[in-house]
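A closer look at the structure
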Amino acid sequence: MVSMATAISTSSTMVTVHMGRLYTSPTQAHIVFRYLVDASPASQACQPKGLFGHCDCFHTLKNKLLSAQVRHDLGLNYRNIDFLHFVEGQRLIDGEQQPAPSEFYSGANPWTGFYFIYLEAFSEISNRRPPQNPTFMSKTIHIIGSGINSLCAAVVLTQKGHTVHVHERNAHAGGNILTKELTVPGFRHEIYSGFHPLFTTGPFYQEYRELLEENGLTYLNTDIPTGVLLPNGKSTVFYRDRKETIREMNQVNAGDGDAYDEAMAKFEKNADLVFGLLNTELWSTGGAGLAAKSVWNLGPTGLLEFFGETLPDARKWLDNTFGSDLNKALMAPWVLHTGLGPDNQASSLMLRVIFASFEQTGMPVPRGGGSELVKVLVRVIEKNGGKVHLNANVEAITVTDGNLRGLTVNRAHHDADVVLANVTPTALYQRLLPQSEVPEEVKSDTANYRYGRGNMQIHLSLDHPPAWPDERLLETAIVHVTPGLNGVSRAVNAALNGLLPTTGTIVVGQHTALDPSRAPDGKWTVWLQLQELPGFPTGDEGGTINCHGEWTPAIANAYADRIIDRLDKQLPGFKESILERNIISPAELAKRNVNLVNGDPYSGAASLDQFLFWRPLPVLRGHATPIKDLYHIGASTHPGPGLNGTSGYLVANKI
């Protein structure tokens, strides 16, 4: 916990404040202040009402808390402070804290003596940093890779005044963010990642939103983030407005909407803890503060109950919450977007995180494509003096006697004070670092690091929008065409056993529904994602595709035909409307981006043993590495996969 003590003298009182930043939610900083108040003489004493701004000492105190130096010392970047919650008061008698007398709370009479007063403050996070510390020393920082975590880190670091170089081995910046036309002019496709709900709810965007918008970033959205279509033609949708979702779920099956509302209300009671876990450097003072607050609020028993509720798999939670298979099918496929399956531990927690995010932010996409976000981030970096180098292959990180020296890029050495490596553990500890500098326990954990299922992308340009049986699906960002909960489970198990599923879930992304500029008038783009595939196909569950342990263009095309045929059966005229088709197999994904090992889009399985405290490796602590001033960021590190930029943001704020 970051803390400090400041004494402020007024004409009537002496106030000593101890300030500790406990945690940061996606939108607010939360601080607990402890005041030691000498409320003498009685005629000048403060009453509880005065704590909220009616008393000279607290006016002075509030101004002090807004000072640049205090903000810098606390590591907070806030615009204002709102004292929202009076916690408690304790009277100090003979050096011991005792419960405050009743008049302390009632305010009926003046109160005198020495008191500890505890207040909670919530503060909106600002995208403008306080003035630099006079002792600030600029560092030369090199970042390997230009994915979202690298670019977010570079923005933070250049804003601080550091000299930053980002090295990207490909010809475009952005990693898994790329928007471009393919063979038919006028159709702009998201080649890899498609939607940004985790980014817009993450701490980086919350802090820098205004700066990004000033530099040209605009997000577009829809009121219907997701929906589902079953093989029998039944469908339903999920709304950003919870009341509408409750109504829809209850219409599908009486009581399901009310059960959803109850489950999410229960989740929201601990949402600060959940999002704190995902947005905090766990092995840090911030992580310790989060733990302390959790124990304080929940108690040891309550904290154990919380973790007990987060561990169940999605199947258990869905079966216990919903009576309708259709409502279960609406939610179940979303575990695939976290790299999990419905039978993995803690997958129920990730479902609730995802749907809470949908309610908060919908399914936003940048106007013009995801590459517009990349352009804006690069623009900010370069305005601040940073550089993004393309076609720059980092071949090695140079270390001498345990001390970081720099890195080798395209056979040339570059000195560095700090290096951030947005790579997999395999690349960092088996290829980039000298093996003599890697401890044996790190080598062992790296060898045991597991990658997840493969992923296929199919991009389609359509002559007209799909003929969805439910017109609301035409306004929906992502529709899952799926056999439901059991079907998701079967397909995941098939993929884990090396088989191509017969009826896997088809993720249908419709960027044109949110941003008509993605296609010519009356036309449509479709972004298909298939996440239940093996990295190395050894067989076909349907028995019609000949597999021999590796992806080939023939296997990829045959499987894409299966997917298109399924869609054509449910969407009349779908196949005839296709103007172009582009396929990226798991093998091709791995070839294009070295972090997508075996076509795993999440750079490592996100099962419980490779999550939170244990990501990337159990032997390490957070983003630190065995080499001082070398940090590990990216999807392989905490908080894991998803387009959020959080690991880069967390590390950059430590430097």
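See above for the structure.
In this report, the structure presented in the accompanying data block is examined.

Analysis parameters
- Residues numbered from 1 in each chain as written.
- Predicted model: local features only at pLDDT ≥ 70, side-chain atom pairs only at ≥ 80, totals over all residues.
- Heavy atoms only, no water.
- Pairing = 2+ DSSP bridges.
- Helix = DSSP H or I, 4+ residues; strand = E, 2+ residues; numbered from the N terminus.
- Axes fitted to C-alpha atoms, helices over the stretch in contact; angles between N-to-C directions.
- Salt bridge = Lys/Arg side-chain N within 4 Å of Asp/Glu carboxyl O.
- Buried < 20%, exposed > 50% of the residue type's maximum accessible area, 1.4 Å probe, protein only.
- Core = buried A, V, L, I, M, F, W, Y, C linked by side-chain atoms within 4.5 Å.
- Contact = heavy atoms within 4.5 Å.
- Arc of directions from axis to C-beta.
- Polar contact = N/O pair within 3.5 Å; in protein donor to acceptor, adjacent residues only side chain to side chain.
- Lys, Arg positive; Asp, Glu negative; His and termini not counted.
- Phe/Tyr/Trp six-rings, centres within 6.5 Å; stacked < 30°, edge-to-face > 60°.

**Details of the sheet that holds strand β27 (residues 630-633)**
Paired through their backbone hydrogen bonds, the strands of a sheet run either parallel or antiparallel. With parallel pairing, five strands are arranged side by side in an open sheet as β15-β8-β7-β19-β27. Lying at the two open borders of the sheet, with one neighbouring strand each, are β15 (387-389) and β27. Pairs of neighbouring strands in the sheet enclose a mean axial angle of 20 degrees, with direction left out of account. Sheet topology places strand β8 (residues 163-167) next to β15; three bridges connect them, and they run parallel. Across the sheet, residue His167 finds its bridge partner in β15, namely His389.

**Some thoughts on the sheet that holds strand β17 (residues 403-409)**
Overall, antiparallel pairing links the three strands, which are arranged β16-β17-β18 in an open sheet. Each of the sheet's edge strands pairs with one partner strand only, and the pair in question is β16 (394-400) and β18 (412-415). Across this sheet, the average inter-strand angle for adjacent strands is 30 degrees, counted without regard to direction. As paired elements, β16 and β17 share six bridges and run antiparallel to each other. Opposite Val399, over in β17, you have Leu404 as the bridge partner.

**Let's talk about the pattern of salt bridges**
One pass over the structure, following the stated rule, counts 21 salt bridges. For Asp343, the salt bridge identified is with Arg315, shortest N-O distance 2.8 Å. Of this pair, Asp343 sits in the loop between α12 (325-331) and α13 (347-361) while Arg315 sits in helix α11 (residues 314-321), placing them 28 residues apart in sequence. Under the relative-accessibility criterion, Asp343 is labelled partly exposed at 37%. Asp609 is the partner of Arg450 in a salt bridge, and the nearest nitrogen-oxygen pair spans 3.0 Å. One end of the pair, Arg450, is in the loop between α16 (440-448) and β20 (454-462); the other, Asp609, is in the loop between α20 (586-592) and β27, and 159 residues separate them in sequence. Taking relative accessible area as the criterion, Arg450 reaches 36% and is therefore assigned partly exposed. Taken together, the shared-partner salt bridges in this structure form one network comprising Arg242, Asp261, Glu268 and Glu359.

**Description of the nonpolar core**
Core analysis: the biggest nonpolar cluster contains 40 residues, and Ile143, Phe199, Phe204, Leu212 and Leu420 have the highest contact counts within it. Only β7 (140-144), α4 (148-160), β8, α6 (203-214), α14 (371-383), β19 (418-422), β27 and α21 (646-652) provide two or more residues apiece to this core. No other element matches α4, which puts eight residues into this core. For Ile143, the contacting residues outside a window of four places in its chain are Ser150, Ala153, Ala154, Leu157, Val164, His165, Val166, His167 and Leu420. Of all hydrophobic cores here, the second largest spans 37 residues; its members include Leu220, Val228, Phe238 and Ala356.

**Re helix α7 (residues 242-252)**
Regarding α7, the residues found buried are Arg242, Thr245, Ile246, Glu248 and Met249. Each buried residue of α7 sits inside an arc of 165 degrees when the element is viewed along its axis, so together they form one side. Summarising the geometry of α7, the exposed residues directed more than 90 degrees from the buried face are Lys243 and Gln251. Where the residues of α7 are buried, they touch β13 (235-238), α8 (256-269), α12 and α13. One side-chain oxygen of the residue at the start of α7 lies 2.9 Å from the amide nitrogen of Lys243, identifying that residue as Asp241.

**So, the side chain of Glu532**
Along the polypeptide, Glu532 turns up in strand β24 (residues 524-533). As a buried residue without a salt bridge, Glu532 has its nearest oppositely charged side chain in Arg566, at a separation of 6.7 Å. Among the polar contacts listed, one links the side chain of Glu532 to the backbone nitrogen of Thr505, at a separation of 2.5 Å.

**Some points on the pairing of strand β23 (residues 506-509)**
Across the two faces of β23 the burial is the same, with Ile506 and Val508 and Val507 and Gly509 all buried. Strand direction decides the pairing type here: strand β21 (residues 478-481) and β23, joined by four bridges, are antiparallel. By the bridge assignment, Val481 is partnered in β23 with Ile506. Of the strand pairs in this sheet, β23 and β24 are connected by three bridges, and their pairing is antiparallel.

**A word on the packing of aromatic side chains**
Overall, the coordinates contain 13 aromatic pairs when judged by the stated rule. Consider the rings of Phe199 and Phe204, whose centres lie 6.1 Å apart with planes at 40 degrees: the pair is tilted. The pair Phe199 / Phe204 is uniform in exposure class, with both members buried. Members of the aromatic cluster, each reached through a chain of ring pairs, are Phe199, Phe204, Tyr205, Tyr208, Tyr219 and Tyr649.

**A short note on the side chain of Glu437**
Here Glu437 shows up in the loop between α15 (425-432) and α16. Buried within the structure, Glu437 lacks any salt-bridge partner; its nearest side chain of opposite charge belongs to Arg405, at an N-O separation of 10.0 Å. Within the structure, Glu437 has its side chain in polar contact with the backbone nitrogen of Gly402 (distance 3.2 Å).

**Focus: the environment of Leu533**
With respect to the secondary-structure elements, Leu533 resides in strand β24. Separated by 42 residues in the primary sequence, Leu533 and Ala491 have C-alpha atoms spaced 8.0 Å apart. Beyond its immediate stretch of four places on either side in the chain, Leu533 contacts Arg453, Gly454, Asn455, Met456, Ala495, Leu500, Pro501, Trp551 and Tyr559.

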